[in-house]
Amino acid sequence: MVQVLAYVGDALSVLALSIMFSLSLAIHRADPQASRVRIWALPALAVLLSFPLGYLARTWPAEAVQAGVVVGARALLASTLAIAHLSLMQRRG
């Protein structure tokens, strides 16, 4: 059960990252003069935060409850960063 929850957390993180990177790529292609730092900073931060949480999901939880807490934290962080990125890019345009 713990491994399944770790994979669920991976899937949610990858989904959020794919949304963020596809939006950044679309904006970069539409407007090559746009600031690269502003477009790519939040997705890069999300990747850097997802790696330690993925490691934690595979090493720390001994029970399903602890694994559920880690999955919840990963899902909340990934969705919050994706929503923040979408709203920042919307304000840009």
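The following refers to the structure shown.

Calculation rules
Residues numbered from 1 in each chain as written. Predicted model: local features only at pLDDT ≥ 70, side-chain atom pairs only at ≥ 80, totals over all residues. Heavy atoms only, no water. Salt bridge = Lys/Arg side-chain N within 4 Å of Asp/Glu carboxyl O. Helix = DSSP H or I, 4+ residues; strand = E, 2+ residues; numbered from the N terminus. Buried < 20%, exposed > 50% of the residue type's maximum accessible area, 1.4 Å probe, protein only. Core = buried A, V, L, I, M, F, W, Y, C linked by side-chain atoms within 4.5 Å.

### So, the pattern of salt bridges
A complete count under the given rule lists 2 salt bridges for this structure. Across the pair Arg-58 and Asp-10 runs a salt bridge, and its minimum N-O distance is 2.3 Å. Of this pair, Arg-58 sits in helix α2 (residues 36-59) while Asp-10 sits in helix α1 (residues 2-30), and the two are 48 residues apart along the sequence. Note on Arg-58: relative accessible area 37%, which makes it partly exposed. Note on Asp-10: relative accessible area 23%, which makes it partly exposed. For Arg-74, the salt bridge is made with Asp-10, and the minimal N-O distance between the two is 2.7 Å. Highlighted residues: Arg-74 in helix α3 (residues 64-92) and Asp-10 in helix α1, separated in sequence by 64 residues. Since its relative accessible area comes to 4%, Arg-74 is described here as buried. Each of the salt bridges in this network shares a partner with another, and the network as a whole consists of Asp-10, Arg-58 and Arg-74.

### What about the nonpolar core?
It is characteristic of soluble globular proteins that their nonpolar side chains tend to be buried jointly. The biggest cluster of nonpolar side chains holds 8 residues, and these are Ala-16, Leu-17, Met-20, Leu-42, Ala-46, Ala-78, Leu-81 and Ala-82. Listed by contribution, the elements that provide at least two residues to this core are α1, α2 and α3.

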